[in-house]
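Below, each chain spelled out in residue letters.
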Amino acid sequence: MFVLGLQGSPRKNGNTDIMLQAFMDKAAAVGAVTHTVQAAKAGIIPCKGCGYCEKSGKCAIGDDPMATEIFGLLRQADVVVAASPVYFYGVSAQLKVLIDRCQTLWARKYVFNLKDPLAATRQGILFSVAASRGRQLFEGVNLTAKYFFDAIDARFEHALTYRGIEAKGDISGRKGMDKDLDTLIEKTILPMADRKKVLFISREGSLRAPLAAAMVQQRHGNRICTAFAGTHPAPNLSSTMLMAMQTRGMDLFYRRPPPPDQALHGTLPDLVIVVDNRTSNGPIPGVKTLHWPLPVVPADDENAVNRLIRDIEARIDSLAGTIEKPKDKK
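Residues numbered from 1 in each chain as written. Predicted model: local features only at pLDDT ≥ 70, side-chain atom pairs only at ≥ 80, totals over all residues. Heavy atoms only, no water.

Enquirer: Hey, could you run me through the sheet that holds strand β2 (residues 33–38) in this one?
Expert: Strand pairs in the sheet, formed through backbone hydrogen bonds, run parallel or antiparallel to each other. One open sheet accounts for five strands, arranged β2-β1-β3-β4-β5; its pairing is parallel. Lying at the two open borders of the sheet, with one neighbouring strand each, are β2 and β5 (155–162). Here the strands of the sheet are splayed against their neighbours by 15° on average, with no regard to which way each runs. Two strands pair when backbone bridges link them, and strand β4 (residues 123–129) and β5 are joined in this way by seven bridges, in the parallel orientation. Across the sheet, residue Phe127 finds its bridge partner in β5, namely Leu160. Against the sheet, helix α3 (residues 65–76) makes contact with β1 (2–7), β2 and β3 (79–85), and its axis sits at roughly 135° relative to β1, the strand it touches most. Together, β1, β3, β4 and β5 form the strand contacts of helix α6 (residues 139–151), whose direction differs from that of β4 by roughly 160°. (Pairing = 2+ DSSP bridges. Helix = DSSP H or I, 4+ residues; strand = E, 2+ residues; numbered from the N terminus. Axes fitted to C-alpha atoms, helices over the stretch in contact; angles between N-to-C directions. Contact = heavy atoms within 4.5 Å.)

Here it is, written out as structure tokens:
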């Protein structure tokens, strides 16, 4: 599984940074792959409020790190951790810039009625610290987090907030924080870490493999973690495939085909499924491989893509029957 941290403090090695890193270290120790975006250093261009995303479904800014990297990371993440100190009862300006750019994902969800394949399982977590002790101290950051996580298709169920944290490093001596983080790992990371990892592979990874991965993820995401790859990856996903899935309410935008060794964030899958009618060779030595001989279809043929989708749908339930639930292990 993949845990994405969004570190919103502009202060390097400050309290927010320390707290987030402690959680990420614990997540990595139980098998999660982790990555942290330092919002203050990311170079994100602020939202222009132009409304382009509500008309086109994509951001008008297409060449900054938000467009080229961070949207994709948000779409890959099983857990998103937003961390920020309290500034004037809100999140930091650096994190707010990142959040505001997610108006694009809000538009895809609420204007275009699209749902991410990970929507049923993705979780959002808030970390926040503040120097004062007011009763309503964290109301602002909680509201921002609530609507941010909703926009990115994540369930916001957990927040760790601490008052009276001011001097740099104060959080390190906070009594009970380590136990709080352990409890959070048990509630959020461990239940997802044991899911079976299934990697779908085709030659270009732009049509058949992402289709199969997304459809299995949407239907069986509580038991299976899926990814897709291409042995000769195309630069982008098939636009016809993206549109075909959008007609079914599924959003695969902001994803690109990686090579097999970069799928699943470099971890080995439990099962590889080659969705190609030309070869059944196992592309990853030592990993069990199944073969779905799905035909090559023209990327611009909508009818052929729709037939392919129906073919994949017919295979999904038989796959689920071969995947053992973690709780069924003896």
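Enquirer: So what exactly am I meant to see when it comes to the pattern of salt bridges here?
Expert: Proximity of charged atoms lets side chains of opposite charge pair with each other. Tallying each qualifying case throughout the model produces 15 salt bridges. In this structure, Arg75 engages Asp116 in a salt bridge whose closest nitrogen and oxygen atoms are separated by 3.4 Å. You can see Arg75 sitting in helix α3 and its partner Asp116 sitting in the loop between α5 (103–110) and β4, a full 41 residues away along the chain. Judged by relative accessible area, Arg75 falls into the buried class, the value being 3%. A salt bridge links Lys109 to Asp150, with the nearest nitrogen and oxygen atoms 3.3 Å apart. Of this pair, Lys109 sits in helix α5 while Asp150 sits in helix α6, placing them 41 residues apart in sequence. A relative accessible area of 27% places Asp150 in the partly exposed class. (Salt bridge = Lys/Arg side-chain N within 4 Å of Asp/Glu carboxyl O. Buried < 20%, exposed > 50% of the residue type's maximum accessible area, 1.4 Å probe, protein only.)

Enquirer: Would you take a moment to explain the pairing of strand β8 (residues 271–274) for this structure?
Expert: Successive side chains on a regular strand alternate, one facing one side of the sheet and the next facing the other. Because side chains alternate across β8, one face comprises the buried residues Leu271 and Ile273, and the other comprises Val272 and Val274, equally buried. Alignment of β8 against strand β9 (residues 289–291), held across three bridges, turns out to be parallel. In the sheet register, Ile273 faces β9, and the bridge partner there is Leu290.

Enquirer: Can you help me understand helix α8 (residues 208–220) in this one?
Expert: Here α8 spans 18 Å end to end across 13 residues, near enough to the 18 Å set by a 1.5 Å rise per residue. In terms of residue burial, α8 counts as a mostly covered element, since eleven of its 13 residues are buried. Those residues of α8 that fall on the buried side of the exposure criterion are Arg208, Ala209, Pro210, Leu211, Ala212, Ala213, Ala214, Met215, Val216, Gln217 and His220. (Expected span 1.5 Å × (residues − 1).)

Enquirer: Help me out: how do you make sense of unusual backbone geometry in this one?
Expert: Excluding glycine, a negative phi dihedral is what most residues carry, and trans is how most peptide bonds are arranged. Of note in the backbone geometry, Tyr89 takes a positive phi value of approximately 65° without being a glycine. Inspection of the secondary structure assignment puts Tyr89 in the loop between β3 and α4 (93–101). Classification of Tyr89 by relative accessible area gives partly exposed; the value is 45%.

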